[in-house]
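Notes for the structure review
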Amino acid sequence: MDLNIKDLRAEMPNYQTYKDWNRDGPILGIAVHHSATADRITGAPVGNARTFFDYHVNARGWAHGGYNYVIPGSGEIEYALDEKISAYHAGFKDPDNSEGLERGQYWNNHYLAICLSGWFSNDRTYRDADGHTHMMPNNYTGPTESQMKSLLSLIHYLRQKYNVPVENIRVHRELAGNSTVCPGHNFDPAELREKIRAADQPEPEPSPGPEPDSQPQVNPGEHVLLLPDTDKYLASAMAYIWKFQPDVSFAVNEAKGRWKYVTVVGNKEDISDAQLDRLRSGGAVLVQRIAGDPDAVQGTLDGLVEANLRFVAVPPPPEEPTPEPEPVGRTYTVQPGDSLSLIARNMYGKSSMWTIIFEANRNILSDPRLIRPGQVLKIPFVPE
Ligand SMILES: [Zn+2]
């Protein structure tokens, strides 16, 4: 892929005052923005690094402009702010760090910013000098072909340079803590990542081979590593975080309803089973606990890294109860929070009779402590 980068860094306003600055921490991802600037008459993209930086610095008073790269409608790639400097592109106010995202600076500290000139939504409006609102024509409501081509080449180059996984190529609205539609309703981040993946593998796999595992496909922002006791476990989780780049949070009570996949690191005294159930009832489809002392936890997580598995093996969904000969007795569908002894107490009036249920279900249970909600257990008839 040929890459034609126009280096404008030294020409940006205030360059001398910030040129030696350095970002806090490594580059982990890339965020794509649009400028939300379009020609009122034609709808075409307007603006470039110089006009945006002039606005950010001279009108808004920022120390420097908000993006590392700008791609105007022409498709030229403008290098505007050194990669080693954090762009002000996705910060938010969080003085108490309740989001666990470096007081709202996580994305600025660790994500490069690329801005495409243009405004990628339909039915855009503007106000004239008299305060009247007008529609812009629905032309140029997505990136131009040359912008898209340049974006893909630039991302390819930056990913190789910083070893960025494709999941960390995100658009502004996918960054937690940011409330925006940037880069517009018509810019589909999944499609972008699909194109990047396709470019990664120009040759189709010659032989499909066996499926390596049946782990869920995780999109950016869908998976969180919850560390209720960060002091105790953060060091154990570093390799895992580095490898899979989940969101990381210790704010257990803020986590409900925010993530589809949750990996909890900690024992029951750090976070209770009831709290895990609350996450499930908030819509999380997978909630896994990695328990043990920090060494054991590190062993488990490093094992996952080694095996390139984001989650501890996910068992297949419970089999449809096959219409085999009617079992003698009843069946019971495991509910969240159940244990075999609890079920035995409800079914037989005696929790010690859990062994009967276990033995009757050895075909689906290998460990009496491990039962899953949704499993259908045979409850044998026991004479009084
Ligand atoms: Zn943006």
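Given the structure is predicted, the values throughout are model-derived calculations rather than measurements. (Residues numbered from 1 in each chain as written. Predicted model: local features only at pLDDT ≥ 70, side-chain atom pairs only at ≥ 80, totals over all residues. Heavy atoms only, no water.)

Some points on the overall build of the protein chain
Along the backbone of the protein chain there are 10 helices and 14 strands. Overall, the C-alpha framework of the protein chain stretches about 85 × 50 × 45 Å when taken along its three principal axes. Within the protein chain, the fraction of its 384 residues that count as buried is 43%. Of all intrachain contacts in the protein chain linking residues separated by at least 6 positions in sequence, the fraction that spans at least 24 positions is 66%. Here the protein chain displays about 20,600 Å² of accessible surface, and carbon together with sulfur accounts for 50% of that area. If the 37 positive side-chain charges of the protein chain are averaged to one point and the 50 negative ones to another, these points end up 3 Å apart. (Helix = DSSP H or I, 4+ residues; strand = E, 2+ residues; numbered from the N terminus. Buried < 20%, exposed > 50% of the residue type's maximum accessible area, 1.4 Å probe, protein only. Contact = heavy atoms within 4.5 Å. Areas by Shrake-Rupley, 256 points an atom, 1.4 Å probe, with all protein chains shown as cover. Lys, Arg positive; Asp, Glu negative; His and termini not counted. Charge placed at Lys NZ, Arg CZ, Asp CG, Glu CD.)

Structural notes on the packing of aromatic side chains
Using the criterion set out here, one finds 11 aromatic pairs in the structure. Ring geometry for Y69 and Y79: centres 4.6 Å apart, planes at 10°, overall stacked. Linking Y69 in strand β3 (residues 69–71) with Y79 in strand β4 (residues 77–79), this pair joins segments that are 10 residues apart in sequence. Of the two residues, Y69 and Y79, both sit in the buried class. In this structure, K243 is placed above the aromatic ring of F244, and the distance from its NZ or CZ to the ring centre is 5.9 Å. (Phe/Tyr/Trp six-rings, centres within 6.5 Å; stacked < 30°, edge-to-face > 60°. Lys NZ or Arg CZ within 6 Å of the ring centre and 35° of its normal.)

A look at the domain arrangement of the protein chain
If you check the domain split of the protein chain, you get domain 1 (5–200), domain 2 (223–307) and domain 3 (330–379). On a C-alpha basis, the centroid separation for the pair domain 1 and domain 3 is 54 Å. (Domains from an automatic or database assignment.)

Here's the deal with the pairing of strand β2 (residues 29–34)
Counting buried residues in β2 gives 6 out of 6 residues, a clear majority hidden from the surface. Here β2 shows a buried face lined by G29, A31 and H33 and a second buried face lined by I30, V32 and H34. Relative to strand β5 (residues 111–116), β2 is paired through 6 bridges, and the arrangement is parallel. Bridge pairing in β5 places H33 opposite C115. (Pairing = 2+ DSSP bridges.)

Some words on the nonpolar core
The biggest cluster of nonpolar side chains holds 23 residues, and the ones touching the most others in it are V32, I114, L116, L151, I155, F187 and L192. When contributions to this core are tallied by element, the ones reaching two or more residues are β2, β3, β4, β5, α4 (145–162), β8 (169–171) and α5 (189–200). The element that contributes the greatest number of residues to this core is α4, accounting for 5 residues. If we ignore the near neighbours within four places in the chain, the residues touching F187 are V32, L116, F120, P143, M148, L151, V171, R173 and L192. (Core = buried A, V, L, I, M, F, W, Y, C linked by side-chain atoms within 4.5 Å.)

With respect to helix α8 (residues 294–307)
Spanning 14 residues, α8 covers 20 Å between terminal C-alpha atoms, matching the ideal 20 Å at 1.5 Å per step. Where α8 is concerned, the buried positions are V297, L301, L304 and V305. Buried positions in α8, seen along its axis, are confined to an arc of 100° and lie on one side of it. In α8, the exposed positions that point more than 90 degrees away from the buried face belong to D295 and E306. Lining the buried residues of α8 we find α6 (230–244), β11 (261–265) and β12 (286–290). (Expected span 1.5 Å × (residues − 1). Arc of directions from axis to C-beta.)

Regarding the packing of α6 against α8
Put simply, α6 and α8 touch, their axes get as near as 8 Å, and they point 5° apart. What the angle tells us is that α6 and α8 run roughly parallel. Of α8, the residues touching α6 (which contributes K232, Y233, A235, S236, A237, A239, Y240, K243 and F244) are P294, V297, Q298, L301, D302, L304 and V305. Among the residues forming the contact of α6 with α8, the class breakdown is 11 nonpolar, 2 polar and 3 charged. (Axes fitted to C-alpha atoms, helices over the stretch in contact; angles between N-to-C directions. Parallel < 35°, antiparallel > 145°, perpendicular 65-115°, else oblique. Nonpolar A, V, L, I, M, F, W, Y, C, P; charged D, E, K, R; others polar.)

Some details on the sheet that holds β4
The 6 strands are arranged β1-β4-β3-β5-β2-β8 in an open sheet whose pairing can be described as mixed. Looking along the sheet, the strands with just one partner apiece sit at the ends: β1 (5–7) and β8. Going across the sheet, the axis of each strand differs from the next one's by a mean of 25°, ignoring polarity. Across 3 bridges, β2 lies against β8 in parallel orientation.

Re the environment of S150
On the secondary structure map, S150 appears in helix α4. Among all residues touching S150, those that are not within four sequence positions of it are I71, G75 and I77.

Considering α6
When the terminal C-alpha atoms of α6 are compared, their 18 Å separation across 15 residues is substantially less than the 21 Å that a helix rising 1.5 Å per residue should span. The principal kink in α6, of about 55°, is found at A237. Among the structural elements, β9 (223–226), β10 (247–249), β11 and α8 are those in contact with the buried residues of α6. (Bend = angle between axes of the 7 residues up to and from the residue.)

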